[in-house]
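Given next are the chains, with one letter for each unit.
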Amino acid sequence: VQENGGNDCEFYSWVLDVHTSRRQRLENDLHYAIERGELSVHYQPQVSLKTGKIMGCEALARWSHPTYNMISPDTFIPIAEEIGLIDKIGEWVLVQACKDLKKWQAFGFMSLKMAVNISVFQLNKADFRQKSINTLLANNILPKYIEFELTESCLVQDLVMAKQKIEALNSLDIRVSIDDFGTGYSSLKSLQKLPFNTLKIDRSFIQNVETNPSNSAITSNLIKIARSLGLKVVAEGVETVGELNFLKQHQCDGIQGFIFSYPLPASEMTNLLREGKCL
Ligand code: C2E
Ligand code: CA
Ligand code: CA
Ligand code: CA
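Residues numbered from 1 in each chain as written. Chains lettered and ligands numbered in written order. Predicted model: local features only at pLDDT ≥ 70, side-chain atom pairs only at ≥ 80, totals over all residues. Heavy atoms only, no water.

Is there a simple way to explain the environment of Asn140 in this structure?
Among the secondary structure elements, Asn140 is positioned in the loop between α5 (128-138) and β5 (146-151). Taking the C-alpha atoms as reference points, Asn140 and Glu35, separated by 105 residues in sequence, lie 24 Å from one another. (Helix = DSSP H or I, 4+ residues; strand = E, 2+ residues; numbered from the N terminus.)

Here you go:
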């Protein structure tokens, strides 16, 4: 297009090479991340708006790469799904979450719930349910303390199948939530057809909810819909007092967000629990 087009092309192909080789490197290294002790789990408190107290937490995977430092799960979870490692990583996260929950129970925090993200690739494996229950048994965790978070975009492809999978978890007493609600498609259909316990309203609807008219309308009505369907509602990504007050006024059950805490290593989560931090 311009005279120095050749140089631009070279530049872009260089950028592409760097990108491709980084991606290639991440793919290779992810195979060894668990063995090399590079993965960890951080916990973000979920807080009840009725009591102001911590009611549970969400387990969030972290990868500390030797060259690239912290890799976001938004980057490495899709890679893990693509190269067939998500079962192994998902299982590892569940084990850590059970061990840390057990520790907190031993400290006397008996009513804490633990939310764990589950990829549809895990859910669709024939042995997922059995493996999960084995992990809970091995760690002496009652299923009622565990909540699996599923994103809807992956479920709508086969609602009948998804329904069977979720019912199978329900029958074990494992709770199931619908994550990032509203960002996928056929949202209301999945809500109507699938037996979830909790609805998590996506952060995009919570942002400036008290001043943004469409977010206010969507969020207040989502809370009503969830309530009338008998689901608990947790708002994600709450950052400001304005957002928090809106959610309190509209009787949202719980919140998760930077306003209360960032995701924390287990030891720091222990400190929060011991301090008895409240909203
Ligand atoms: P998610 O399940 O929607 O998790 C919530 C994300 O929002 C987390 O990002 C959390 O750090 C972030 N967050 C929480 N509060 C706030 C806030 O107030 N403001 C803002 N801006 N962000 C907030 P994170 O930890 O980077 O995780 C990203 C995504 O990676 C997760 O989104 C989840 O989809 C996926 N993920 C993380 N761990 C796992 C895992 O063990 N298994 C699977 N399958 N997916 C995982
Ligand atoms: Ca989640
Ligand atoms: Ca979410
Ligand atoms: Ca998300």
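Help me out: how do you make sense of the pairing of strand β1 (residues 39-48) in this one?
Each regular strand shows side chains that alternate between the opposite faces of the sheet. In terms of burial, β1 is a largely internal element, 9 of the 10 residues being buried. Two elements, β1 and strand β2 (residues 54-65), share 9 bridges in a ladder whose sense is antiparallel. Bridging from a neighbouring strand, His42 pairs with Leu60 of β2. Strand direction decides the pairing type here: β1 and strand β10 (residues 264-265), joined by 2 bridges, are antiparallel. Residue His42 lies in a different strand from β10, and its bridge partner there is Pro265. (Buried < 20%, exposed > 50% of the residue type's maximum accessible area, 1.4 Å probe, protein only. Pairing = 2+ DSSP bridges.)

I'm lost on the site of ligand 1 in this one. Help?
Near ligand 1 there are 21 residues, and of these Gln44, Ala61, Arg62, Glu239 and Phe258 occur at the shortest range. Interatomic distance of 3.0 Å between a side-chain N/O atom of Gln44 and a nitrogen atom of ligand 1. Separating an oxygen atom of ligand 1 from a side-chain N or O atom of Asp179 is a distance of 3.1 Å. Here ligand 1, which alone exposes 810 Å², has 84% of that area covered by the protein. Of all elements in the fold, only β2, α2 (73-82) and β6 (175-181) reach the threshold of two or more residues within the shell around ligand 1. (Near = heavy atom within 4 Å. Polar contact = N/O pair within 3.5 Å; in protein donor to acceptor, adjacent residues only side chain to side chain. Areas by Shrake-Rupley, 256 points an atom, 1.4 Å probe, with all protein chains shown as cover.)

What should I look at first to understand the pairing of strand β8 (residues 232-235) in this one?
Looking at chain direction, strand β7 (residues 198-201) and β8 are connected through 4 bridges and run parallel. Within β8, the residue paired with Leu199 across the bridge is Val233. Two strands pair when backbone bridges link them, and β8 and strand β9 (residues 254-255) are joined in this way by 2 bridges, in the parallel orientation. Looking across to β9, one finds that Val234 is bridged to Gly254. In this fold, β8 hands off to helix α10 (residues 241-249), which returns the chain to β9; that crossover is right-handed. (Right-handed = clockwise from strand over helix to strand, strands pointing away.)

Just to check I follow, could you spell out the environment of Gly37 for this structure?
Its location among the elements puts Gly37 in the loop between α1 (5-30) and β1. With 107 residues separating them in the primary sequence, Gly37 and Lys144 have C-alpha atoms 29 Å apart.

Could you clarify how one ought to interpret a nonpolar patch on the surface in this entry?
On the surface, Leu188, Ile225 and Leu229 cluster together into a nonpolar patch covering about 260 Å² of accessible area. With respect to the helices and strands, Ile225 occurs in helix α9 (residues 213-228). By relative accessible area, which is 32% here, Ile225 ends up partly exposed. (Patch = residues over 30% accessible without salt bridge, like charges linked within 9 Å, V, L, I, M, F, W, Y side chains within 5 Å. Salt bridge = Lys/Arg side-chain N within 4 Å of Asp/Glu carboxyl O.)

I'm lost on the packing of aromatic side chains in this one. Help?
Two measures describe an aromatic ring pair: the distance that separates the ring centres and the angle between the ring planes. Overall, the coordinates contain 4 aromatic pairs when judged by the stated rule. When the centroid spacing of 5.8 Å and the interplanar angle of 80° are considered together, the rings of Trp63 and Phe76 count as edge-to-face. A residue pair is termed long-range when its members are at least 10 positions apart, and Trp63 in strand β2 and Phe76 in helix α2 qualify at 13 residues. Seen in terms of ring centroids, Phe128 and Phe148 are 5.6 Å apart; in terms of plane orientation they differ by 45°. Their pairing is tilted. (Phe/Tyr/Trp six-rings, centres within 6.5 Å; stacked < 30°, edge-to-face > 60°.)

Could you clarify how one ought to interpret the coordination of the calcium ion (ligand 3) in this entry?
Where a metal carries four tetrahedral donors, each ideal angle is 109.5 degrees; where it carries six octahedral donors, the ideal angles are 90 or 180 degrees. Summarising the metal site, the calcium ion (ligand 3) is bound by the protein donors Asp179 (OD), Asp180 (OD), Glu236 (OE) and Glu236 (OE), whose distances to it range over 2.2 to 2.5 Å. Between the calcium ion (ligand 3) and the calcium ion (ligand 2), a spacing of 3.9 Å is present, and a bridge between the two is formed by Asp179. Of this pair, Asp179 sits in strand β6 while Glu236 is found in the loop between β8 and α10, placing the two residues 57 residues apart along the sequence. No difference in accessibility class separates Asp179 from Glu236, as the two residues are buried. (Donors = N, O, S within 2.8 Å, 3.2 Å for Na, K, Ca; no water.)

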